[in-house]
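For reference, the chains in residue letters:
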Amino acid sequence: MTTAKAHANIALIKYWGKKDESLFLPFTSSLSLTLDPLYTITTVSKDSTLTKDLFVLNGVTQNSQETEKISKFVDYFRKNNQFVRIESSNSFATAAGLASSASGYAALSKALNQEFEWRYTDLELSRITRKGSGSATRSLFGGFAVWQTGDDESSFGYSLPTQMDIVMVIAVVDDQKKSHSSRSMMKRTVQESAYFEAWVQQSERDFSDMLIAVTERDLRRIGLIAERNAMMMHATLLANQTPFFYLQPKSLEIIQLVQQLREQGIVAYYTMDAGPNVKIITNSTDQAKVIEQLSEILNQDNIIIAKPGPGASIL
Ligand code: ADP
Ligand code: DP6
């Protein structure tokens, strides 16, 4: 029996689109921040009494579709046709745009690596983790992490050494399971969006600029690049044959608040993923001022203060 813990990460430069669906190869490289309060704890046990894998998520035994999805991933580690019992729980809302697939697959692969005695390094492991969920490549690492595009061999995650005062204030607009998964919507965007090519080109430039901004610990530049990159990702969805948006009225209200905060000289930038929740990028000096004004439009229970978190580990 092995238990592992991995933290979710929020991308500052987004992964949005696979150039190879079966190998989970992204069109572009992405860069993220792993967050302390959002995590998954997963226990994997080989069980010779089982005739197929068993997957229990947040106390609920998952249906055949979810179990088959996870079994395909276990196959990368499985030895001697042994089935496993997987029990996992997330410390935050699942499938709501808070990166549960990232922490979920990072914790799972970390646990499977040990349970089947593979002894892969985190870098090697991230290559395999990629095939569970792309964003999970980055959750094996703490702090700032990159997932580089490339081929099957060269597309993996790694951590950046930068440590700095950065805080993400997460505004939970809706914690319900989203109607359209990241996976399905990024696929449709690749196929349909009139803006997809422009996204790939701009995101490559954003990635290079972000690497410099993170190396120089330049929070202002990090914030400005992250905002533009996120909104461009959302713009690709608006340019689908059937336009789609994850933003809700409350999301827009928070974005406007962030712009007002900045006009008041407060450090505040925003990013958004495949869901309506907004992540406000700030620092420990201005965090209280951000929360004070955010509390006027959002219940305290729906505000998560997230500092950088560690890489995945065996408990
Ligand atoms: P999110 O924004 O939360 O990442 P996604 O739709 O991208 O939402 O991914 C959610 C999916 O990730 C779930 O439907 C489930 O298949 C998978 N997932 C979530 N949590 C876990 C976990 N702890 N272990 C394994 N898989 C998980
Ligand atoms: C918007 O990693 O969930 O959060 O690889 O199909 O599992 P799959 O997709 P997933 O997509 C994450 C998309 C994103 C941006 C990001 O995290 O980089």
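Residues numbered from 1 in each chain as written. Chains lettered and ligands numbered in written order. Predicted model: local features only at pLDDT ≥ 70, side-chain atom pairs only at ≥ 80, totals over all residues. Heavy atoms only, no water.

Trainee: Can you lay out the packing of helix α2 (residues 100-115) against helix α3 (residues 122-129) for me, pointing to particular residues and giving the numbers?
Mentor: Relative orientation of the contacting elements α2 and α3 amounts to 120°, with a least axis distance of 10 Å. As the angle between them shows, α2 and α3 are arranged oblique. As α2 runs across α3, the sense of the crossing is right-handed. Residue-level contacts link Y105, A106, S109, K110 and N113 of α2 to D122, L125 and T129 of α3. Residues belonging to the contact of α2 with α3 are distributed by class as follows: 3 nonpolar, 3 polar and 2 charged. (Axes fitted to C-alpha atoms, helices over the stretch in contact; angles between N-to-C directions. Helix = DSSP H or I, 4+ residues; strand = E, 2+ residues; numbered from the N terminus. Parallel < 35°, antiparallel > 145°, perpendicular 65-115°, else oblique. Left-handed = near helix turned anticlockwise from the far one by under 90°. Contact = heavy atoms within 4.5 Å. Nonpolar A, V, L, I, M, F, W, Y, C, P; charged D, E, K, R; others polar.)

Trainee: Kindly report on the sheet that holds strand β10 (residues 167-171), identifying the contributing residues and their values.
Mentor: Overall, antiparallel pairing links the 4 strands, which are arranged β11-β12-β10-β13 in an open sheet. Of all strands in the sheet, those bounded by a partner on one side alone are β11 (269-272) and β13 (303-306). With direction set aside, neighbouring strand axes in the sheet form an average angle of 25°. Across 4 bridges, the pairing between β11 and strand β12 (residues 278-282) is antiparallel. Bridge assignment links T271 to a residue of β12, and that residue is K279. Against the sheet, helix α7 (residues 219-238) contacts β11 and β12, and its axis sits at roughly 35° relative to β11. In the packing of helix α8 (residues 249-263) onto the sheet, contacts are made with β10, β11 and β12, and the angle to β11 comes to roughly 155°. (Pairing = 2+ DSSP bridges.)

Trainee: Quick one: what's the story with the pairing of strand β4 (residues 30-46), residue by residue and with numbers?
Mentor: With respect to burial, β4 is a largely interior element, 12 of its 17 residues being buried. The pairing of strand β1 (residues 2-13) with β4 spans 10 bridges and is classified as antiparallel. Counterpart to N9 in the pairing with β4 is T34. Pairing of β4 with strand β8 (residues 144-147), which is carried by 4 bridges, proceeds in the antiparallel orientation. Bridge pairing in β8 places S30 opposite W147. Relative to strand β7 (residues 84-90), β4 is paired through 7 bridges, and the arrangement is antiparallel. The partner of T42 across the bridge, within β7, is S88. (Buried < 20%, exposed > 50% of the residue type's maximum accessible area, 1.4 Å probe, protein only.)

Trainee: Go over the pattern of salt bridges with me, naming the residues and quoting the values.
Mentor: All chains considered together, the criterion is met by 14 salt bridges. We note a salt bridge from D75 to R78, for which the minimum N-O separation is 2.9 Å. Owing to a relative accessible area of 16%, R78 belongs among the buried residues under this scheme. One salt bridge in this structure joins E216 and R221, with 3.8 Å as the shortest N-O distance. Among the charged side chains, a network of salt bridges with common partners joins K14, D273 and K279. (Salt bridge = Lys/Arg side-chain N within 4 Å of Asp/Glu carboxyl O.)

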